[in-house]
Amino acid sequence: MLDLKEIAKNFDAVVARLNDRGGALDLSRFSALFGERRQLNIELEAKQATRNKVQDTLKSADNETRKTVGAQMKALGQEIKDAEGRLKALEDQLNELILNVPNVPHESVPKGQDEHGNQCVRTWGEKPNLLFTPKQHFELGEKLGLLDFERAVKVSGTRFAFSKGALARLERALTAFMIDEHTRQGYLELLPPYLVTRASMTGTGQLPKFEADAFKTAGERELFLIPTAEVPVTNFHADEILEQPLPVRYVAASPCFRAEAGSAGKDTRGLIRMHQFHKVELVKFAHPDRSFEELEALTRDAASILEKLGLHHRVMLLCTGDMGFASAKTYDLEVWLPGQNAFREISSCSCFTDFQARRAKIRFREKAGDKPRLVHTLNGSGLAVGRTVVAILENYQREDGTVALPKVLHPYMGGLTELLPL
RNA sequence: GGAGAGAUGGCCGAGUGGUCGAAGGCACCUGACUCGAAAUCAGGCAUACCGGUAACGGUAUCGUAGGUUCGAAUCCUACUCUCUCCGCCA
């Protein structure tokens, strides 16, 4: 959520920058609503002040005056009630409007319509030198007997999968490896709830705008399956004034659940786009003056996993048109997939400035005794585990369809060094 | 699933119709004392919005939404959440 005063003060500039994101954003109602609200608020407060003054005199008044003056006050009370109702209605409208407005892109973000406007910041490693036609990960997985989509369809429908044997273990090993690495880098491990309230989903910006993308429980108690650990972990500090020194850093592994509304027909084969996948997530609560430096560090922390796994990748600075709703600046890590002959997103690292902090009321004090200020929140995948499995399968495949495993994972695999047919 | 209790400031906690933005304590800030610290003493210390260059003034906020009343932290209703006990359960 943006700062209302800030929008009012720099309306044209804010609108211009928001429009860089593309899409038809209509803020035309804002100024009228904002002005109307202010006017009504002034009138209302004047009435309330009158009432309070009269009531003060009534405290010690006799019954007679209490009766007559009281009757007059009743009329004023009704006026106040009406004004309050109208103010509430205005505020609701303003609120609904503003909750659906995305974050303002940072000045360092390039303008662009879609992913073609993204800029490659750096690349790491090289494409593996495969002397045969590389297979896609799902072919490899199914041939090895380690990946079963058909039974997943029977059990859960499309966009689910069973992993078996060493491949299932690989997913678990990767999760443990990533958490260990990030813990070493100074992130505190958190095991979060996988179901969260509407308030939490609103706090991080998934709601109200993207309700169709979320899975929701059907019972009398409304809960949402988390689309990412970002939601519970960021809201971990909702409604708090942080006492510990910034940045505060967490790492959390969780399953992620996404309805993926509107993505029918995209990546229908394989593990790339699932209704459920595992992800290790990094979350930072940072000082507002240093949040963009923290984004650089966060991105490096995420990329370090790809480096340790020996996976060729590039770092993309997303353009205005390709960024997520709440983000002010985003780097995507894209890993090379030989089977697809393409780079695919495996991590997304974003700085949200105070956009989420304002919604979720996450603050800190510059120093003891100071007024609380909003923190800046950041997060990034470190990494999407399912897609990391895909990357390992495709990059470490051999001509016979077996797959080598990166050295750093061997201890996590109980000494297993390759994936063989089941 | 059954029974009960509760939700007040950064935290704990008092407060049953106006004198309450709210006692007291903790934490925190400033000053005094001290070589320094601790202890002690004095003072300060909620948030948001509106008006004002400012000093300052005003309004709202005691889980949420309604209601009663001239007036609600306090009374009534509904809702949400939390806790305790019993049952069940990984």
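Provided above is the structure to which this section pertains.
Residues numbered from 1 in each chain as written. Chains lettered and ligands numbered in written order. Predicted model: local features only at pLDDT ≥ 70, side-chain atom pairs only at ≥ 80, totals over all residues. Heavy atoms only, no water.

(A) Spatial organisation of the packing of aromatic side chains. Under the definition given, this model contains 8 aromatic pairs. Geometrically, the ring pair formed by Phe-236 and Tyr-250 is edge-to-face, given 5.4 Å between the ring centres and 70 degrees between the ring planes. One end of the pair, Phe-236, is in the loop between α9 (230-235) and β7 (240-242); the other, Tyr-250, is in strand β8 (residues 248-257), with 14 residues separating them in the sequence. The class for Phe-236 is partly exposed, based on a relative accessible area of 41%. Taking 6.1 Å as the distance between ring centres and 85 degrees as the angle between the ring planes, the aromatic pair formed by Tyr-250 and Phe-285 counts as edge-to-face. You can see Tyr-250 sitting in strand β8 and its partner Phe-285 sitting in strand β9 (residues 276-286), a full 35 residues away along the chain. What links up through ring pairs into an aromatic cluster is the set Phe-11, Phe-30 and Phe-34. The ring centre of Trp-336 lies 4.4 Å from the NZ or CZ of Lys-127, which sits over that ring. The ring of Tyr-187 carries Arg-249 above its face, with NZ or CZ at 5.0 Å from the centroid. (Phe/Tyr/Trp six-rings, centres within 6.5 Å; stacked < 30°, edge-to-face > 60°. Helix = DSSP H or I, 4+ residues; strand = E, 2+ residues; numbered from the N terminus. Buried < 20%, exposed > 50% of the residue type's maximum accessible area, 1.4 Å probe, protein only. Lys NZ or Arg CZ within 6 Å of the ring centre and 35° of its normal.)

(B) Spotlight on the nonpolar core. Among the nonpolar cores identified, the biggest contains 53 residues, and Leu-170, Leu-174 and Leu-419 are the most heavily contacted of them. At 8 residues, the largest contribution of residues to this core is made by helix α7 (residues 165-184). (Core = buried A, V, L, I, M, F, W, Y, C linked by side-chain atoms within 4.5 Å.)

(C) Looking closely at the side chain of Arg-359. Relative to the elements of secondary structure, Arg-359 occurs in helix α11 (residues 355-360). Although Arg-359 is buried, it makes no salt bridge; Asp-354 carries the closest opposite charge, 9.5 Å away. One polar contact links the side chain of Arg-359 to the main-chain carbonyl oxygen of Thr-202, over a distance of 2.9 Å. A polar contact is formed between the side chain of Arg-359 and the backbone oxygen of Leu-207, at a distance of 3.0 Å. (Lys, Arg positive; Asp, Glu negative; His and termini not counted. Salt bridge = Lys/Arg side-chain N within 4 Å of Asp/Glu carboxyl O. Polar contact = N/O pair within 3.5 Å; in protein donor to acceptor, adjacent residues only side chain to side chain.)

(D) The arrangement of the protein's contact with RNA strand B in detail. The full set close to RNA strand B counts 22 residues, and Glu-45, Gln-48, Gln-55, Lys-59 and Lys-74 are the nearest of them. Backbone atoms, meaning sugar and phosphate, make up 78% of the atoms of RNA strand B lying within 4 Å of the protein. Arg-66 has a polar side-chain atom sitting 3.0 Å from a base oxygen of RNA strand B. Contributions of two or more residues to the surface near RNA strand B are made by α3 (28-58) and α4 (63-99). For the surface near RNA strand B, the element with the highest residue contribution is α3, accounting for 9 residues. Counted by class, the surface near RNA strand B contains 7 nonpolar, 6 polar and 9 charged residues. (Near = heavy atom within 4 Å. Nonpolar A, V, L, I, M, F, W, Y, C, P; charged D, E, K, R; others polar.)

(E) Focus on helix α6 (residues 149-156). In this structure Asp-148 caps α6, since a side-chain oxygen of it lies 3.1 Å from the backbone nitrogen of Glu-150. Note on α6: the residue one or two positions beyond its end, Gly-157, has a positive phi of about 100 degrees.

(F) Layout of the pairing of strand β11 (residues 329-337). Within β11, 9 of the 9 residues are buried, which leaves the element mostly enclosed by the surrounding structure. Covered by surrounding structure in β11 are Lys-329, Tyr-331, Leu-333, Val-335 and Leu-337 together with Thr-330, Asp-332, Glu-334 and Trp-336, the residues of both alternating faces. Bridge analysis of strand β10 (residues 313-317) against β11 gives 5 bridges, and the strand direction is antiparallel. Looking across to β11, one finds that Val-315 is bridged to Leu-333. For β11 and strand β12 (residues 342-351), the ladder comprises 9 bridges, and the chain directions are antiparallel. Its bridge partner being in β12, Trp-336 is matched across the sheet by Phe-343. (Pairing = 2+ DSSP bridges.)

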